[in-house]
Amino acid sequence: MSREQEKDLNVFLKQVDKVSELVQRLNSDDAVIREEALNEADRIISATNDNDEVEGTRTKVNRTLTNTNVGLQGNALYQDVQENPNTSQDYLLALLEKDARDRAKKRKENKKLANALKRAGNEAFAKEDYELAIKYYTEGLEKIRDMQSLYTNRAQAYIKLDKYEEALNDCKWALKCNEKCIKAYAHMGRANVGLRNYTKARHCYGKMLEIDPKCKDIFKEYMDQADVAERTALHDEKAWRELHQGEETACTVKELLQKLAAPSQLPIYYAGGIRLLTSLIEDCTEQALFRTINGFSIICDNVIIQR
C-alpha cells in the first residue's frame, strides 16, 4: 500500500468510527438520542450528495449489496474496511442511507398507529375511563417513543388517578421531546400540588409564563389553586394535630359526627346535633376536621336529616 493509499485509508477509517458511533446511537433505547442520530445521518447523506453534484462526479451507488445488515454492526463494518482498503465510501453511505430510509418509512407507519391510539385514549379520557386511556397512550408510546402529546395526555390521566409520581415522570419525558412544552409544565405543577410540593409547583407554573407570557390568566389560575391547596393542607394538619392532642373542640366535633351517624333516631335528636355542630365549626381548623373525617358524607347519607 502506497503512502497516499495509507493516508486515504486512515481518513476513511476515522469516518468509519464516526459512522459506527452514529449507527449505535440510531439503535439507542433513548428516543431523543435516536431522533438526533437520525437527523445527523440525514445531514451527512445530504451533504455528501450536494458535494457530488457540485463537483459533477457523483458516484452511482451499487444497490446490490451482499449484506445489508453490516451497516448496523459497527465492529463488523470496521473490520471489513480494514481487510478491504479499497472499500468505497459510497458503500458505507449507502448502508446508512438505506437504514435512514427504512427507519423513516417505519416511523411514518408507527406515527399513524400512534395517532390512532392517541385518539382512542382521548375518547376514553372524555368518558372518565382513565385506566383505559393510560393503556391506549402507553401502546401509542410503544410505537413512537418521542411523541410529546402522548406523554402529556398520559400524565393528565395519571393525575386523575392520583398517580402523581408517574405523571411527573411523563412530564419529564415530554420536556425531553420539547423543552418548551407548556402542557408538560402545567401537569408537572399539578402533580407537585398533589404531592404537596407547592414550591416546585409554583416553579413549574412560572416556567409556563416564561415560555409564553400570553398564558398569564391560566398561570394565575394555577397559582391560586396551589395557594388554596397549601392553605387547605395546613388546616388539615392542624386539625389532625389538635384531635390527636385531645383538644376539646376537635374531640367534640368528632364525637358529634359519630352521634349523627347513628341511624333511626328521632328528628329532634339530629336537629340538636346539627345546631351544636354548626356552632363548633366556624373556625377554619374545625371546618378542615369536619371535612377530613367525612362530615359531609355523614350528613348527606342520613335519610332523616335529608328530610
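Check the entry above for the structure.
Visitor: Give a description of the overall build of the chain that names residues and reports values.
Guide: Across its full length, the chain carries 15 helices and zero strands. For the chain, with 307 residues in total, the buried portion stands at 36%. Residue pairs at least 24 apart in sequence account for 58% of intrachain contacts in the chain once pairs closer than 6 positions are excluded. For the chain, the accessible surface area stands at approximately 18900 Å², while carbon and sulfur atoms represent 49% of it.

Visitor: Can you break down the packing of helix H6 (residues 148–160) against helix H8 (residues 182–194) residue by residue, with the values?
Guide: In a packed pair of helices, the relevant descriptors are the angle between the two axes and the axis-to-axis distance. Where H6 contacts H8, the axes come no closer than 10 Å and their chain directions differ by 20 degrees. If you check the angle between H6 and H8, you find them roughly parallel. For H6 against H8, the interelement crossing comes out left-handed. Between H6 and H8, the residues in contact are Thr152, Ala155, Gln156 and Ile159 and Lys183, Ala184, His187, Arg190 and Ala191, respectively.

Visitor: Tell me about the packing of aromatic side chains, residues and numbers included.
Guide: Geometrically, a pair of aromatic rings is defined through the distance of the ring centres and the angle of the planes. Taken as a whole and judged by the stated rule, the model has three aromatic pairs. Ring plane angle 10 degrees and centroid distance 4.9 Å describe the contact between tyrosine 205 and tyrosine 222, whose orientation is recorded as stacked. Within this pair, whereas tyrosine 205 is found in helix H9 (residues 198–211), its partner tyrosine 222 is found in helix H10 (residues 216–244), the two being separated by 17 residues in sequence. Between the NZ or CZ atom of lysine 135 and the centre of the ring of tyrosine 136, over which it lies, the distance is 5.4 Å. Residue placement shows lysine 176 over the ring face of tryptophan 173; its charged tip is 4.1 Å from the ring centre.

Visitor: Explain the nonpolar core to me, using residue names and the numbers behind them.
Guide: Counting residues in each nonpolar core, the largest one holds 40 residues, and the members touching the most others are Tyr205 and Met208. When residues of this core are traced back to their parent elements, those giving at least two are helix H4 (89–126), helix H5 (130–143), H6, helix H7 (164–177), H8, H9 and H10. Ignoring anything within four residues of it in the chain, the contact list for tyrosine 205 reads Tyr185, Ala186, Gly189, Arg190, Val193, Phe219, Tyr222, Met223 and Ala226. Counting 13 residues, the second-largest nonpolar core is a separate cluster that includes Val253, Leu257, Phe290 and Ile293.

Visitor: Break down the layout of surface pockets for me, with residues and values.
Guide: Here the largest pocket is characterised by a volume of approximately 280 Å³. Around the largest pocket, the lining comprises 14 residues; the ones closest to its centre are Arg34, Arg103, Arg107, Asn110 and Lys143. Every element with two or more residues in the lining of the largest pocket is listed here: helix H2 (31–55), H4 and H5. By residue class, the composition of the lining of the largest pocket is four nonpolar, one polar and nine charged. The space that makes up the second largest pocket amounts to roughly 170 Å³. Taken together, Ile159, Tyr164, Arg190, Val193, Gly194, Tyr205, Gln225, Ala226 and Ala229 make up the lining of the second largest pocket. For the lining of the second largest pocket, the secondary structure elements donating two or more residues are H8 and H10. Class assignment of the residues belonging to the lining of the second largest pocket gives a composition of six nonpolar, two polar and one charged.

Visitor: With reference to specific residues and values, describe the environment of tyrosine 130.
Guide: With respect to the element layout, tyrosine 130 can be found in helix H5. On the basis of relative accessible area, tyrosine 130 is assigned to the buried category, the value being 14%. Expressed as a C-alpha distance, the spacing of tyrosine 130 and alanine 157, which sit 27 residues apart in the sequence, is 5.4 Å. The residues touching tyrosine 130, leaving out its near neighbours within four places in the chain, are Phe125, Ala157, Lys160 and Leu161.

Visitor: Which residues make up the packing of H6 against H7, and what values do they have?
Guide: Packing of H6 against H7 brings their axes to within 8 Å, and their N-to-C directions diverge by 165 degrees. The angle between H6 and H7 places the two elements in the roughly antiparallel class. The crossing of H6 and H7 is left-handed. On H7, the residues that touch Gln148, Tyr151, Thr152, Arg154, Ala155, Tyr158 and Ile159 of H6 are Tyr164, Glu166, Ala167, Asp170, Cys171, Trp173, Ala174 and Cys177. Taken together, the residues that form the contact of H6 with H7 break down as 10 nonpolar, two polar and three charged.

Visitor: I'd like a description of a nonpolar patch on the surface, backed by residues and values.
Guide: Side chains of Leu266, Ile268 and Tyr269 sit close together on the surface and give an oily, nonpolar patch of about 340 Å² of accessible area. In this fold, leucine 266 is placed in the loop between helix H11 (248–260) and helix H12 (267–280). Among the residues examined, leucine 266 registers a relative accessible area of 60% and is labelled exposed.

How each quantity is defined
- Chains are numbered independently. Their residues run from 1 in the order of the written sequence.
- Only residues with pLDDT of 70 or above have their local features reported here, since the model is predicted, and side-chain atom pairs are shown and tallied only from 80 upward, although totals for entire chains, interfaces and linings are computed over all residues.
- To get the side-chain values, take all heavy atoms of the structure and skip hydrogens and water.
- Strands are runs of DSSP state E lasting at least two residues, helices are runs of H or I lasting at least four, and both sets are numbered from the N terminus onward.
- Burial classification: accessible surface area is computed with a 1.4 Å probe over protein chains only, and a residue below 20% of its type maximum counts as buried, one above 50% as exposed, and the rest as partly exposed.
- Residue contacts are counted whenever heavy atoms from the two residues lie within 4.5 Å of one another.
- What sets the accessible areas is the Shrake-Rupley method with a 1.4 Å probe; for residues, cover comes only from the shown protein chains.
- Axis definition: a line fit to C-alpha positions, over the contact stretch in the case of helices; interaxial angles, taken between N-to-C directions, run 0 to 180 degrees.
- When an angle is under 35 degrees it counts as roughly parallel; over 145 it counts as roughly antiparallel; between 65 and 115 it counts as roughly perpendicular; any other value is oblique.
- Left-handed describes a crossing whose near helix is turned anticlockwise from the far helix through less than a right angle; right-handed describes the clockwise counterpart.
- Only the six-membered ring of Trp is used, alongside the rings of Phe and Tyr, when aromatic pairs are assigned; centres must lie within 6.5 Å, and planes under 30 degrees apart are stacked while those over 60 apart are edge-to-face, with the rest tilted.
- Sitting over a ring, as applied to charges here, requires NZ of Lys or CZ of Arg to be within 6 Å of the ring centre and within 35 degrees of the ring normal.
- For the purposes of this section, nonpolar cores are sets of buried Ala, Val, Leu, Ile, Met, Phe, Trp, Tyr and Cys residues that join through side-chain atoms within 4.5 Å.
- Put plainly, a pocket is an open set of points on a 1 Å grid over the protein atoms alone with protein on both sides within 12 Å along at least five of seven lines, a cavity is a set where a 1.4 Å probe fits but cannot get out, and a lining residue has an atom within 4 Å of a point.
- Grid points are joined across faces, edges and corners, and a volume is the space filled by probe spheres set on the points.
- When residue character is reported, Ala, Val, Leu, Ile, Met, Phe, Trp, Tyr, Cys and Pro are called nonpolar, Asp, Glu, Lys and Arg charged, and the others, Gly included, polar.
- Patch members must show over 30% relative accessible area and no salt bridge, and they are joined within 9 Å when carrying like charges or within 5 Å when they are nonpolar side chains of Val, Leu, Ile, Met, Phe, Trp or Tyr.
- The salt bridge criterion pairs a side-chain nitrogen of Lys or Arg with a carboxyl oxygen of Asp or Glu, the two atoms within 4 Å.

Interpretation in functional terms is not warranted from these geometric data alone.
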